[in-house]
Amino acid sequence: MKKNHEYFMKEAVKLSLENMRAWKGWPFWAVIVKDWEIIWRWANHVTSDNDPTAHAEIVAIRDACKNLWTFQLDDCIIYTSCEPCPMCLWAIYRARPKAIYFANTRKDAADIWFDDDYIYQELKKELEERSLPIYTIDKKEAIKVFNEWKEKNDKIEY
């Protein structure tokens, strides 16, 4: 079979089905591809690892970056079985891949009770309007660290 975008998406969807049927986690999977080869794949392991951040995209990005010895995936493409949630989308943007492809939409996920719309709505609100109380404290000391970083000559840019 020719390796194209559909090939890698089929792989992500197939793996999400296997993961779900094996009771290892929710029906989500991510595949990371570089030079038309799968370099990393991972399933959602939130419930099996008791880790709310163990979404397929997050763990795949962590492992791919670790194995490639880089903090950016700029030569890679990420394929996911579903549109990434806000946390995963942020991580994908930070990893800077060439592109992302997904199959199911966030509306499809909401239809099976994986609804992240409340997070999208929360992000639009000012801090004091959000449902989770968020406070800023001790900025006077913390900003000194940021200012020192700003002046640092040997930093690794991000």
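Because the structure is predicted, anything quoted here is derived from the model rather than measured.

**Here we look at the nonpolar core**
Ile32, Ile61, Leu73 and Ile78 are the most contacted members of the largest nonpolar core, which has 16 residues in total. Looking at this core element by element, the count peaks at six residues for helix α3 (residues 56–68). If we ignore the near neighbours within four places in the chain, the residues touching Ile32 are Glu37, Ile38, Ile39, Trp40, Ala60, Ile61, Ala64, Leu73, Cys76, Ile77 and Ile78. Counting residues in hydrophobic clusters, the runner-up holds 10 residues, among them Ala12, Ala43, Ile77 and Tyr79.

**Looking at the packing of aromatic side chains**
Throughout the structure, instances matching the rule amount to four aromatic pairs. Ring pairing ties together the aromatic residues Tyr7, Phe8, Trp36, Tyr79 and Tyr101, which thus form one cluster. Residue placement shows Arg106 over the ring face of Tyr120; its charged tip is 3.8 Å from the ring centre.

**A short note on the pattern of salt bridges**
Enumeration according to the criterion identifies seven salt bridges in this entry. Here Lys14 and Glu11 are joined by a salt bridge, their closest N and O atoms 3.6 Å apart. Highlighted residues: Lys14 and Glu11, both in helix α1 (residues 5–21), separated by three residues, approximately one helical turn. For Lys14, a relative accessible area of 41% gives the class partly exposed. Glu11 sits in the buried class, given a relative accessible area of 13%. One continuous salt-bridge network, built from bridges that share partners, spans Glu11, Lys14 and Arg41.

What counts, and where the lines are drawn
- Residues numbered from 1 in each chain as written.
- Predicted model: local features only at pLDDT ≥ 70, side-chain atom pairs only at ≥ 80, totals over all residues.
- Heavy atoms only, no water.
- Core = buried A, V, L, I, M, F, W, Y, C linked by side-chain atoms within 4.5 Å.
- Buried < 20%, exposed > 50% of the residue type's maximum accessible area, 1.4 Å probe, protein only.
- Helix = DSSP H or I, 4+ residues; strand = E, 2+ residues; numbered from the N terminus.
- Contact = heavy atoms within 4.5 Å.
- Phe/Tyr/Trp six-rings, centres within 6.5 Å; stacked < 30°, edge-to-face > 60°.
- Lys NZ or Arg CZ within 6 Å of the ring centre and 35° of its normal.
- Salt bridge = Lys/Arg side-chain N within 4 Å of Asp/Glu carboxyl O.

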